Structures are given as structure tokens and as C-alpha cells.
Amino acid sequence: MDTLFSSAHSCHVHHHKFPFLFLFLFFLFVLIESCSGFGTYGFDIHHRFSDPVKGMFGVDGLLPVKDSVPYFQVLVHRDRAIHGRRLATSTGGDSNNKKTPLAFYNGNETYRIDSLGFLHYANVSVGTPSISFLVALDTGSNHFWLPCDCSSCVQSLGSPSGRVELNIYSPNKSSTSEKVPCNSTLCSQTQPNRCPSDQSNCPYKVVYLSTGTSTTGYLVQDSLHLVSDDSQSKAIDAKITFGCGQVQTGDFLTGGAPNGLFGLGMANISVPSTLAHNGYTSGSFSMCFGPDGIGRISFGDKGSTGQGETSFNQGQPSSSLYNISIAQTIIGGQAGDLVYSAVFDSGTSFTYLNDPAYTFIADTFNKLVNETRHSSTDLPFDYCYDISANQTELTIPTVNLVMSSGDYFNVTSPIKLIPFANGSAVYCLGMIKSGDVNIIGQNFMDGYRIVFDRERMILGWTPSNCYDDKTETNTLAVSPNTAVPPATAVNPTATSTQIPAASPPGGSHSPLSKPFTYTLMMTLVLFFAIV
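Residues numbered from 1 in each chain as written. Predicted model: local features only at pLDDT ≥ 70, side-chain atom pairs only at ≥ 80, totals over all residues. Heavy atoms only, no water.

## Some details on the UniProt feature "active site" (unreviewed entry) in the chain
- Summarizing the sequence annotation, UniProt attributes the feature "active site" (unreviewed entry) to Asp138 and Asp345 in the numbering used throughout. Across 208 residues of sequence, these annotated residues stay compact in space, with a maximum C-alpha separation of 8.2 Å.
- Its place among the elements puts aspartate 138 in strand β5 (residues 131-138).
- Along the chain, aspartate 345 falls in the loop between β19 (340-344) and β20 (351-353).
- Take aspartate 345: its relative accessible area is 1%, and that puts it in the buried class. (UniProt positions renumbered as here; feature names shortened; annotations may be inferred. Helix = DSSP H or I, 4+ residues; strand = E, 2+ residues; numbered from the N terminus. Buried < 20%, exposed > 50% of the residue type's maximum accessible area, 1.4 Å probe, protein only.)

## Some points on helix α4 (residues 69-81)
- Look at α4: 18 Å from first C-alpha to last across 13 residues, which is about the 18 Å you get at 1.5 Å a residue.
- Within α4, burial applies to Val69, Tyr71, Phe72, Val74, Leu75, Val76, Arg78, Asp79 and Ala81. (Expected span 1.5 Å × (residues − 1).)

## Considering helix α7 (residues 357-368)
- Helix length check: α7 (12 residues) gives 17 Å between terminal C-alpha atoms against 16 Å at 1.5 Å per residue, within 8%.
- Of all the positions in α7, only Ala357, Tyr358, Phe360, Ile361, Ala362, Thr364 and Phe365 are classed as buried.

## Observations regarding the packing of aromatic side chains
- One pass over the structure, following the stated rule, counts 23 aromatic pairs.
- Between tyrosine 169 and phenylalanine 242 the ring centres are 5.2 Å apart and the planes differ by 75°, which places this aromatic pair in the edge-to-face class. Of this pair, tyrosine 169 sits in the loop between β8 (162-165) and β9 (178-179) while phenylalanine 242 sits in strand β12 (residues 235-249), and the two are 73 residues apart along the sequence.
- According to the relative accessible area criterion, phenylalanine 242 is buried, its value standing at 1%.
- Here the aromatic cluster, defined as three or more aromatic residues joined through ring pairs, consists of Phe43, Phe144, Tyr169, Phe242, Phe262, Phe285, Phe299, Phe312, Tyr322 and Phe452. (Phe/Tyr/Trp six-rings, centres within 6.5 Å; stacked < 30°, edge-to-face > 60°.)

## With respect to the sheet that holds strand β25 (residues 415-419)
- Within the open sheet, the three strands sit side by side as β21-β26-β25. Their pairing is antiparallel. Two strands in the sheet have a free side with no partner beyond their single neighbour: β21 (384-387) and β25. Direction aside, neighbouring strands of the sheet carry axes that sit 25° apart on average.
- α7 contacts β21, β25 and β26 (425-429) of the sheet and is inclined by roughly 140° relative to β26. (Pairing = 2+ DSSP bridges. Axes fitted to C-alpha atoms, helices over the stretch in contact; angles between N-to-C directions. Contact = heavy atoms within 4.5 Å.)

## A look at the side chain of asparagine 259
- On the secondary structure map, asparagine 259 appears in the loop between β12 and β13 (261-263).
- There is a polar contact of 3.0 Å between the side chain of asparagine 259 and the backbone oxygen of asparagine 167.
- Setting aside its immediate chain neighbours within four residues, asparagine 259 contacts Ser132, Phe133, Leu134, Val135, Leu146, Pro147, Leu166 and Asn167. (Polar contact = N/O pair within 3.5 Å; in protein donor to acceptor, adjacent residues only side chain to side chain.)

## A word on the confidence of the model for the chain
- Confidence in the prediction for the chain averages 74 pLDDT; 69% of positions are at 70 or higher.
- Note that residues 28-37 has pLDDT below 50 and, in this model, 11 contacts with residues that lie over four places away or in other chains. (pLDDT = per-residue confidence, 0-100.)

## Digging into the nonpolar core
- Among the nonpolar cores identified, the biggest contains 73 residues, and Phe262 and Tyr427 are the most heavily contacted of them.
- The dominant element in this core, judged by the number of residues it contributes, is α7, at six residues.
- Those residues within four positions of tyrosine 427 in sequence are excluded, and the remaining contacts are Phe365, Val369, Glu371, Tyr383, Cys384, Tyr385, Ile387, Leu394, Ile396, Ile415, Lys416 and Leu417.
- Judged by nonpolar contacts, the second largest core, of 19 residues, contains Tyr71, Phe72, Val74 and Ile418. (Core = buried A, V, L, I, M, F, W, Y, C linked by side-chain atoms within 4.5 Å.)

## Examining the pairing of strand β4 (residues 120-126)
- Of all seven residues that make up β4, six are buried, and the element is covered over most of its length.
- Here six bridges tie β4 to β5, and the two strands are oriented antiparallel to one another. The residue bridging serine 125 from the neighbouring strand is serine 132, located in β5.
- The turn joining β4 and β5, which pair antiparallel and follow one another in sequence, is formed by four residues; a positive phi near 85° is taken by glycine 127.
- Bridge count for β4 against strand β11 (residues 213-228) is two bridges, and the pairing is antiparallel. Paired with serine 125 across the bridge in β11 is histidine 225.

## Considerations on the environment of alanine 276
- With respect to the helices and strands, the residue alanine 276 is situated in helix α6 (residues 271-277).
- Residue alanine 276 is classed as partly exposed on the basis of its relative accessible area of 24%.
- The residues contacting alanine 276, other than those within four sequence positions of it, are Thr281, Ser282 and Gly283.

## A word on the pattern of salt bridges
- Tallied over the full model, the rule gives nine salt bridges.
- The salt bridge partner of aspartate 229 is arginine 296, with a shortest N-O separation of 2.6 Å. On the criterion of sequence distance, the pair formed by aspartate 229 in the loop between β11 and β12 and arginine 296 in strand β15 (residues 294-299) is long-range, its members being 67 residues apart.
- According to the relative accessible area criterion, arginine 296 is partly exposed, its value standing at 23%.
- Linking aspartate 355 and lysine 433 is a salt bridge whose minimum nitrogen-to-oxygen distance equals 2.8 Å. With a gap of 78 residues between them, aspartate 355 in the loop between β20 and α7 and lysine 433 in strand β27 (residues 431-433) connect regions that are remote in the sequence.
- With relative accessibility at 44%, the residue lysine 433 sits in the partly exposed group. (Salt bridge = Lys/Arg side-chain N within 4 Å of Asp/Glu carboxyl O.)

Below is the structure:
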């Protein structure tokens, strides 16, 4: 930089070239500021049964023990109870979908907790002064809304230690809040034909296909406070659009999303779309899930060179979801040439598949395992196997999904280890037969950083322990459950395991390298034209 300045001063530059020199210096400044591309910003995400969430509501000891039979029963029940919400629409809902409340057990006592129907939550900060909200995360819907000056919403949640008061957003109490008017382009694009007049606030209504569940109110803009993922922890106040939810119905009144919903879908109104449109990040984000129930969502993360990739399906009824095509399924080296589509949904605990994919995977897996199939009907999974008391090793068939791109998605955790109270244990194929849409749930995503790139319209995946910035130890390595004899090791069969080699983010082949090169060339051309 000093060389360029000294060269510029040493040249006999005529006065009429000063504007051009100024233009060059300005362009060079823009180049320096933008050469690194968009940053990534995010926050931690929490499983509904993670320790921080349990501590917040004082329900530790009332919830099922992790990896116990009741634990898996509750999660499967929850998947089925809110299964329809991933088909969120602004025009209708399914009033015939009856909800069965979840019960949590503590000895002979039953405690019904009226909270947290979604799978993952995040503590987000909005407004000036900032207020925190524990919002549900949902890749199956698009709107971000908060309980707001509401006449019908959840004000607090019950817990054994008393009521937990929840924050309620109010536009009048935030100095950075702006109501979206009906005559704005944003309103006409997202809420057409809903405005009574141009001067009115832009109304919204989203009806979810789950027990007539809905949220109604008007759109506002305010600051979402984010922190960069790098070591500098740079804070930004991102102006975003969200719903001031005045009236909630259905599951939202019984705690489905008691403190707001954070839509991560593909529509222009979703948070990732808004962040990209306003120039804060690229139009991409990633999610990973740690074994302790704490993960990370990073906005602007476009993945890394060498990651596995496949295109999203577009032009289908479910094209607003993260829908991909699977061209082949390989179980323990045995291939099935089945072509089917599936939705990658981080809000679903387990993987749900229709026939013929479900039957092929289950039957092939069943033929390859060495253990005896478990006969109990208490388990929520159909294919479970007894682990003998003196068993020291499990040989688990690999599960590979070959995407339409040809890249392999190796399921790192196809099984769940479940201990019984009598000291015995089983392992189960973590897959359930679906009645409608095929869903790749969180259990098949474990061990990966999943990238939802909405600019290139691809799904990406890279092996990750979800703590790459904190430790080099892979804490997601499969290890025996405490109910299994100490010498037992889980050793998945390596047959047909093909995972694309992953390069660390920010390497020499960054996706931003070409745009940077072109910009640098233009700068040099402009410079030499001036001097």
C-alpha cells in the first residue's frame, strides 16, 4: 500500500487526473474491504432436551433419561405430532390432525410440560434495547415471528419451580423498530392482496398444517443482533423483517413455539434470504449438531472446497423445502437402484422413508447384521437387535445414500443404542416408515456440517465434530453406551464408504478466489490508465 501511495506522489500527475486518482483509491479501498467476501454470523442452537434448556425450565429429572426407551418414544411421538408443520402454507391447514400431549415421567408421577414442541431452539436478541427470545428453529417454514403486543399468546411457561416468564416484543418499545407499510414493495411481494389500504400496516397470516396452528399480525423491521464466527467476534445489527405476532392459535398456545419461530426456508421472507438481500451475508447457511445437544447455525457459510454436494429439486410442490434426489442406496455394499426424493429437515429427530426405500434399507440391513432381532413392541423402531452380555463388538452395515450428483452421503450414525433397566441393551436402525413425505432427519445428519446454499441451490456436507473452532478432537466418534459392557466397541463395516475429501474453509482454493482475482485485475488496469 505504501509503495502505491509513494508511486502516485512521485508521478507528475496533471490536475485533470486527480478525480481519476481519487476514483482509483476509492476502488482500491472497496477491494480491500471486500476481498475476504461475506463473513459468517451465527449462534448456538439447543436441542429441546439439552442441559441448558432443561436448566432454564427446571425440569431436569422430570424428562426421560437420554437414550432410554421413554426418551426415544417421546421424540418419535413429537415427530409425528407436528409432522404437518413442515408443509406450512399461508392459505390453509389440516384441522383433522389431532394432537396428543406429551407426558414426562418421574417415578410414579406424571408431569405434563406445556413447552417446547420443536426440536431445536436458539436464544436470539432483537431490538434496541435488545430483548432475548428463545425461538424455535424450523427449516420447513419461512416466516420469523415473535409474540408481540399479543392478545392470544404464551406469556409464561410452567415448571416445577414455578412460572417462567417469557419476553414479549413491542415495536413501540424499540427505537430501531419500523412497521412495514402496505404500499411497500416488501409487503406486495410477501403478502399480496391482504392490505385494506396503502397507509395500513402490512398484515400477515401463516397457517401451519398442524392442528389448525397459526400466527397472525403485521410485519415490522428491527435489528437482529449477530456475532461473527471468527476470532474477532464482530457484532452487527442486521435489519430484518419479521412478524409481530399478535394472535397465535393451536399448538402455539400449548407451547409448540412459545417464544417465537425462526423460519429458515427458501422464501424471500425467511431470515437467511433477508440477511442476504440486505447485504449482511451470502445466501447460504449451515447447521451442525453436537452430541451434547448443543450445535451451531452459521449464516453466510457456503461450505468448503471438496465437500459433498447435490442440487435441490425445484419446481415441485415441496420446492420451498430443502428437497433433494437420491439415485441409489447402498447398504453394507449391496446397492438398490431406487430413485426417490427426500427433504432434509433438521427439525425432525429421526429419518422417515416410504416404500420401496424403507423396505429395501430395512430388509438389507436385517440380513447383514449378526444379532438376533428384538421381539419387544415397546420400542418406537421396527428393526432392533439384542446385544448379548458378553459381546465385545458390533459390526454395523454401512448406510450410503448416493445423491443425484453422484456424491456419496455416508450416514455416520445409522443406529441408536438403547439400554434397558435390567442392564441389557439393544441397538436399533434409526429409521421409521413414513406415511407420506420422505424425510432425512437429524440422526442421519449427525457427524456433518450441513450447508444449505440457496444461491447455488445445492445441499453440501462436510464431516465435522461441530466444534472445529474450539478443539481438534472429534467428539462425535461412535463410542459404547454406558449400558453396554465396557469392552464393547461399535465398529461400522467400511464397505462402500465413499466420503468426498473435505478441505478446511478459507483454503487456497476458496470459492471467492476468482471474483477477487478479476477485481484485482480491474484495479490494476485502472491504476495504470491513470498513471
